[in-house]
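Report on the structure
Next come the chains, spelled out residue by residue.
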Amino acid sequence: MEIKLIKSKNSKISNVDYDNLGFCKYYTDHMFICDYIDGSWQNFRIQPFQDLSLSPACTTLHYGQTIFEGLKAYRNQEGEILIFRPDKNAERFNKSAERMCMPKIPEDIFIKSIEELLSVEKAWVPEGEKNSLYIRPISFALDPYIGIKPADNYKFMIICSPAKSYYSGETNVKIEENYSRELLLMDCLDWLKDRPYDAKEILDHLEYCSNIEKTDEVFPQICLLYTSDAADDMQCVDLGGRRI
């Protein structure tokens, strides 16, 4: 796998306020991109971070054929850059790809693309116990086609952002009384009964949706409940942005 490097002429790193990083306020100078064309991944490259051009008829915009992952790179006390179990992220990414009828990314491509991008952007990995470089792999359909079928063409990309912890300090939690994992599963089971998928596997998407429900109250986390046959009361099993 050969990765072409197109260097950015001007770095944005001097604009970063490391005392007020927030989460994904800044993006590094480069991004990794490759294309799925004629049944294979090709055109591997690292290029300057820039906007994309998409057809208004793009499959992703109309039918949501897109997936993503998230992992972080840290500096240890010796200044080395470390990432934690990227093979597990690759495995989960490909499970998502299978569920969304999208081409999988071979694990070696997934991991090497991250490593090569980090080697270019190593100056962006911040120091500090709660600081990291957030790494966002994403894949999405490109076909300019309005019709219900899997696309034929896709992009796989990785972008990075120096960041603090997603949540800082105490976090307000709302106990959701209108939705539960149990009810979501019941709705899913009828649709999935003749399909080779586990209904629970699509709940990750539903949990993100529950977290962006419009509300006048500020609750960064929505707690979803679940009742099992073995329990008489509701059990708290999910906070929209994390497992518990």
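Residues numbered from 1 in each chain as written. Predicted model: local features only at pLDDT ≥ 70, side-chain atom pairs only at ≥ 80, totals over all residues. Heavy atoms only, no water.

Quick word on the overall build of the protein chain
In terms of regular secondary structure, the protein chain is built from five helices and twelve strands. Relative to its 244 residues, the protein chain shows a buried fraction of 38%. Sequence-distant contacts, at least 24 apart, represent 64% of the contacts inside the protein chain between residues at least 6 apart. (Helix = DSSP H or I, 4+ residues; strand = E, 2+ residues; numbered from the N terminus. Buried < 20%, exposed > 50% of the residue type's maximum accessible area, 1.4 Å probe, protein only. Contact = heavy atoms within 4.5 Å.)

Describing the packing of aromatic side chains
Considering all chains together, one arrives at nine aromatic pairs under this definition. An angle of 70 degrees between the planes, with centres 6.3 Å apart, marks the rings of W41 and F156 as edge-to-face. Separated by 115 residues along the polypeptide, W41 in strand β3 (residues 40-48) and F156 in strand β8 (residues 154-163) bring together distant segments of the chain. One aromatic cluster is present, built from ring pairs that chain together F32, Y36, W41, F93, F110, Y154 and F156. Here the basic side chain of K149 rests over the ring of Y145, its NZ or CZ set 5.0 Å away from the ring centre. (Phe/Tyr/Trp six-rings, centres within 6.5 Å; stacked < 30°, edge-to-face > 60°. Lys NZ or Arg CZ within 6 Å of the ring centre and 35° of its normal.)

Regarding a nonpolar patch on the surface
Together, L52, L54 and L61 make up an exposed nonpolar region whose accessible area comes to about 260 Å². Looking at the element boundaries, L54 is found in the loop between β3 and α1 (59-63). (Patch = residues over 30% accessible without salt bridge, like charges linked within 9 Å, V, L, I, M, F, W, Y side chains within 5 Å. Areas by Shrake-Rupley, 256 points an atom, 1.4 Å probe, with all protein chains shown as cover. Salt bridge = Lys/Arg side-chain N within 4 Å of Asp/Glu carboxyl O.)

On their own, these measurements won't tell you what the molecule is for.
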